[in-house]
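Residue-level structure breakdown
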Amino acid sequence: MKQGNTNIIEVWEQEGQIIEGLPVERKSDIKAFVTIMHGCNNFCTYCIVPYTRGRERSRKPEAIIEEIKDLASKGYKEITLLGQNVNSYGKDLDDMSFAKLLRMVNDIEGIERIRFTTSHPKDLTEDVILAIKECNKLCEHIHLPVQSGSTRILSKMNRKYTKEQYLELVDLIRKHIPDVAITTDIIVGFPGETEEDFLETLDLVKKVQYDSAFTFIYSIRKGTPAAEYQDQVPEDIKHDRFNRLIEVVNKIIEEKMLYIKIK
Ligand code: SF4
């Protein structure tokens, strides 16, 4: 707020409090992002988010539904529900879950398409998969960041799932939603990653057959546990693995596109 030549900053009294009703800038007249929760409890060892944005806090479903109904009344057609880990939505509320919220949003008149991001594999439950399958407005797309295909590196990252558990989850998703699009995030060159670990990642990528992947070279993020690890991977090795990973990912995507064209 500006008063005379002075900027006045209002400081909220309670840390972590969710403030409803603040104005939101929208860049499109048709698509809108709606935050459903704040913060993260997961403490992946490479990530600063839990330290900067605090613990998970879910917005009340009534506030979310009211915001989306208001967007629908203004002509918005597509909603993307946002959170660092949307699958945890509702764990801090009574009798609420992400699957329930998805079904509630699906019932809002005027909204035609619903997306969400991001899912943490350890929290993506079968009831969410069934909600995606059964709700007609939900896009059959799941962004499921794997980060590494090596169980050893996943443990060092504190991701709380193994390669096998991730692959089982992908199988469960495809069992319920055969035409689902699955995309991911992958980090190469995490501290301590050996050639064998990297080959596990390539193996997982080939098994999952992702529709798209965001690939990253690990870089030190100050203030995170991984920044202190002594076994950092040399830059040339990280770049070499990154290029090999991209080659495999692109080949899979090209083959899938070709298959879709032929179909
Ligand atoms: S990577 Fe995602 S799940 Fe992990 S700590 Fe960061 S925000 Fe949370």
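These numbers come from a predicted model, not from an experiment.

**Points about the site of the ligand**
Around the ligand, a shell composed of Cys 40, Asn 42, Phe 43, Cys 44, Tyr 46, Cys 47, Val 49, Pro 50, Gln 84, His 120 and Arg 159 is seen. Looking at the shell around the ligand residue by residue, the classes come out as 7 nonpolar, 3 polar and 1 charged.

**Digging into the pattern of salt bridges**
All chains considered together, the criterion is met by 20 salt bridges. Arg 115 is the salt-bridge partner of Glu 78, the closest N and O atoms lying 2.9 Å from each other. Taken together, the positions of Glu 78 in strand S6 (residues 78-82) and Arg 115 in strand S7 (residues 113-117) put the pair 37 residues apart, joining distant regions of the chain. Here Arg 152 makes a salt bridge to Asp 197, at a shortest N to O gap of 2.6 Å. Note that Arg 152 is positioned in helix H5 (residues 151-156) and Asp 197 in helix H7 (residues 195-208), a separation of 45 residues in sequence. For Asp 197, a relative accessible area of 6% puts it in the buried group. Through salt bridges with shared partners, one network takes in Glu 193, Glu 195, Asp 240, Arg 241 and Arg 244.

**Points about the pairing of strand S10 (residues 212-217)**
Pairing of strand S9 (residues 181-188) with S10 involves 6 bridges; the strand directions are parallel. Along S10, the bridge assignment pairs Ile 186 with Thr 215. Of the crossover connections in this fold, the one passing from S9 over H7 to the parallel S10 is right-handed.

**Considering the sheet that holds S6**
Spatially, 3 strands are ordered S3-S6-S7 in an open sheet, and the strand pairing comes out parallel. Across the chains shown, the open sheet's two edge strands, defined by having one partner strand only, are strand S3 (31-35) and S7. The average angle at which neighbouring strand axes cross in this sheet is 20°, direction not considered. Of the pairings in the sheet, the one linking S6 to S7 comprises 5 bridges and is parallel in character.

**Some details on the nonpolar core**
Residues Leu 81 and Phe 98 are the most contacted members of the largest nonpolar core, which totals 67 residues. A domain-level breakdown of this core finds at least three residues from each of domain 1 (26-139) and domain 2 (144-263). Those residues in contact with Phe 98 that lie beyond four places of it in its chain are Ile 36, Leu 81, Val 86, Asn 87, Tyr 89, Phe 116 and Val 128.

**A word on the confidence of the model for the chain**
Here the chain averages 91 in pLDDT, and 90% of its residues register 70 or above. Contacts of residues 8-13 to residues separated by more than four positions or lying in other chains number 4 contacts, the stretch itself having pLDDT below 50.

**Observations regarding the sheet that holds S10**
Neighbouring strands of a sheet are bound in pairs by backbone hydrogen bonds; such pairs are parallel or else antiparallel. Ordered by their spatial adjacency, 3 strands build an open sheet running S8-S9-S10, and the pairing between neighbours is parallel. Pairing within the sheet leaves two strands with one partner each, and these edge strands are strand S8 (141-143) and S10. Pairs of neighbouring strands in the sheet enclose a mean axial angle of 10°, with direction left out of account.

The rules behind each value
Residues numbered from 1 in each chain as written. Predicted model: local features only at pLDDT ≥ 70, side-chain atom pairs only at ≥ 80, totals over all residues. Heavy atoms only, no water. Near = heavy atom within 4 Å. Nonpolar A, V, L, I, M, F, W, Y, C, P; charged D, E, K, R; others polar. Salt bridge = Lys/Arg side-chain N within 4 Å of Asp/Glu carboxyl O. Helix = DSSP H or I, 4+ residues; strand = E, 2+ residues; numbered from the N terminus. Buried < 20%, exposed > 50% of the residue type's maximum accessible area, 1.4 Å probe, protein only. Pairing = 2+ DSSP bridges. Right-handed = clockwise from strand over helix to strand, strands pointing away. Axes fitted to C-alpha atoms, helices over the stretch in contact; angles between N-to-C directions. Core = buried A, V, L, I, M, F, W, Y, C linked by side-chain atoms within 4.5 Å. Domains from an automatic or database assignment. Contact = heavy atoms within 4.5 Å. pLDDT = per-residue confidence, 0-100.

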